[in-house]
Amino acid sequence: MSTHPPEPQHWHQVPHAPAPGTVLSMLAAVADGQALMQELQAPAETSGPGFRYLLLRSGTTVRAYVNRCAHFGVPLAARQDLLLFVPHTSLTCNVHYARYHWSDGACASGECEGVGLLPIPVIVDALGQICVAPSP
């Protein structure tokens, strides 16, 4: 009998989650209305993917989510050009088409009812860097 690790309930439970203060991108690199797929490389001594995340920009507001479908546990898309989103409105997983609200990552429709994307707390600093927010 094999046991699978429990599904992460918070962004920091995802393998290779970055520490508070980690720079995720520059604000200028994310156009208004864009959903941008990014990945922080995993440490060299480990195998598998790094920490995959999404940055969504609405004006000066940036939201970040783990790039992991709550319904199926896979990235929402394999490549940036395959990412399905309606600017400022929603993101859709291109595996089973679960749709999530842009504003909070909550399930909007599909087989994700009651769950949502894992939000990552971020701040934009005085240099225009999007960083993982400090722990409260």
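For the structure given in this document, a descriptive report is provided here. (Residues numbered from 1 in each chain as written. Predicted model: local features only at pLDDT ≥ 70, side-chain atom pairs only at ≥ 80, totals over all residues. Heavy atoms only, no water.)

Notes on the state of the cysteines
Then, in step 1: Under the defined criterion, the tally for this structure stands at one disulfide.
Then, in step 2: Put simply, Cys107 and Cys112 are joined by a disulfide, and their sulfur atoms are 2.1 Å apart. Between Cys107 and Cys112, the S-S torsion sits near 75°, and that sign places the bridge as right-handed.
Then, in step 3: Taking relative accessible area as the criterion, Cys112 reaches 1% and is therefore assigned buried. (Disulfide = S-S within 2.5 Å. Buried < 20%, exposed > 50% of the residue type's maximum accessible area, 1.4 Å probe, protein only.)

Quick word on the pairing of strand E11 (residues 129-132)
Then, in step 1: Pairing geometry for strand E1 (residues 23-26) and E11, over three bridges, is antiparallel. Paired with Ser25 across the two strands is Ile130, which belongs to E11.
Then, in step 2: Pairing between strand E10 (residues 122-124) and E11: three bridges, direction antiparallel. Bridging from a neighbouring strand, Val122 pairs with Val132 of E11.
Then, in step 3: Between E10 and E11, which pair antiparallel and follow one another directly, the connecting turn spans four residues, one of which, Gly128, has a positive phi of 80°. (Pairing = 2+ DSSP bridges. Helix = DSSP H or I, 4+ residues; strand = E, 2+ residues; numbered from the N terminus.)

With respect to the sheet that holds E11
Then, in step 1: Spatial ordering of the open sheet is given by E1-E11-E10, a layout of three strands whose pairing is antiparallel. Of all strands in the sheet, those bounded by a partner on one side alone are E1 and E10. Here the strands of the sheet are splayed against their neighbours by 25° on average, with no regard to which way each runs. (Axes fitted to C-alpha atoms, helices over the stretch in contact; angles between N-to-C directions.)

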